[in-house]
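# Breakdown of the fold
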Amino acid sequence: YYENYFKLDNGELLNDDVTGQIGFKKDLNEKTSPAFKFKTIDGHYVRSEDEQTIDNFLFRNGVIHAYEKRLPGDKSVYCDFYIPPQNENQAIYIEYWGTENDEACPETMKTKLEIYKREQLQLIEITKNNLNNLKAYLTEKLRLFHILLE
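Predicted, not measured: the structure shown is a model, and the values here were computed from it.

Let us now look at the packing of aromatic side chains. Scanning the entire structure with this criterion turns up 3 aromatic pairs. Members of the aromatic cluster, joined through ring pairs, are Tyr82, Tyr93 and Tyr116. Geometry around Tyr82 places Lys69 over its ring, the cationic atom sitting 4.7 Å from the centre.

When pLDDT is averaged along the protein chain, the result is 81, and 73% of the positions lie at 70 or above. Note that residues 1–27 has pLDDT below 50 and, in this model, 22 contacts with residues that lie over four places away or in other chains.

For helix H6 (residues 134–144), the full list of buried residues reads Leu134, Leu138 and Leu142. In an axial view of H6, the angular spread of the buried residues amounts to 40°, which keeps them on one side of the axis. In the core, the buried residues of H6 are packed alongside helix H4 (49–60), strand S4 (81–83), strand S5 (92–97) and strand S6 (122–127). Within two residues after H6, His146 carries a phi angle of roughly 65°, on the positive side.

Now for the nonpolar core. If you look at the biggest cluster of nonpolar residues, it comprises 20 residues, and the most contacted ones within it are Ile54, Leu58, Ile94, Ile124, Ile126, Leu138 and Leu142. Looking at this core, the elements with two or more residues in it are H4, S4, S5, S6 and H6. Judged by nonpolar contacts, the second largest core, of 10 residues, contains Ala66, Tyr82, Ala91 and Tyr116.

This part covers the pairing of S6. Every second residue of S6 is oriented toward a common face, the buried set being Gln122, Ile124 and Ile126 and the non-buried set Leu123, Glu125 and Thr127. In this sheet, S6 lies alongside S5 in parallel orientation, the contact comprising 6 bridges. From the neighbouring strand, Tyr96 faces S6, where its bridge partner is Ile126.

With that settled, consider the pairing of S5. Within S5, 6 of the 6 residues are buried, leaving the element largely enclosed by the surrounding structure. Summarising the sheet, S4 and S5 pair through 3 bridges and their orientation is antiparallel. Residue pairing for S5: Tyr82 is matched across the bridge by Tyr93.

With that settled, the discussion passes to the environment of Ala66. Tracing the backbone through its elements, the reader meets Ala66 in strand S3 (residues 66–67). Residue classification places Ala66 among the buried positions, given a relative accessible area of 0%. Expressed as a C-alpha distance, the spacing of Ala66 and Asp80, which sit 14 residues apart in the sequence, is 8.4 Å.

Calculation rules
- Residues numbered from 1 in each chain as written.
- Predicted model: local features only at pLDDT ≥ 70, side-chain atom pairs only at ≥ 80, totals over all residues.
- Heavy atoms only, no water.
- Phe/Tyr/Trp six-rings, centres within 6.5 Å; stacked < 30°, edge-to-face > 60°.
- Lys NZ or Arg CZ within 6 Å of the ring centre and 35° of its normal.
- pLDDT = per-residue confidence, 0-100.
- Contact = heavy atoms within 4.5 Å.
- Buried < 20%, exposed > 50% of the residue type's maximum accessible area, 1.4 Å probe, protein only.
- Helix = DSSP H or I, 4+ residues; strand = E, 2+ residues; numbered from the N terminus.
- Arc of directions from axis to C-beta.
- Core = buried A, V, L, I, M, F, W, Y, C linked by side-chain atoms within 4.5 Å.
- Pairing = 2+ DSSP bridges.

Now the structure itself:
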C-alpha cells in the first residue's frame, strides 16, 4: 500500500545537481554499495529484506533515520541504522543481527559491541526473532529512549 502511496523518491531530492553528490547521505556518513539491493519506501538501499522491513517500519512511524552510518571512534565500522539526537536525547543506534549464517558475523558483532560500550552509545539490538513482532518490540525499545511513535 505505502509503496504506491508515496511516489516520491527522496534520493532525487537529495542529489546535488552540480556535483552529483548526495548531500544528506554524505552529511550522515552513510555508506553505499552495489550490494545494497533492496530499496525501501524512503529511498534507502539496504542489504536484505529484513533490513528493508526495519527501515520501512521506521519511516512509516515518522522516525528520522539513516542507514549504514559510520560509528564514532572508528572509520571502518558502520551501524545498521542511526537515529539522530532529538531534543536533549542522545543518538540511537540500531543493529540487526540477522546474518547468523555469515562466518564473519561473530567477529563483526564483537567489534561493534566493543565500540558501542567504549563510546557509551545507545543501542537497540534486533534479531530475526524480533521481526515476528517488530512493531511491539521497536515501539517498546524506542520508548525507553524517549521516542514515541506516531
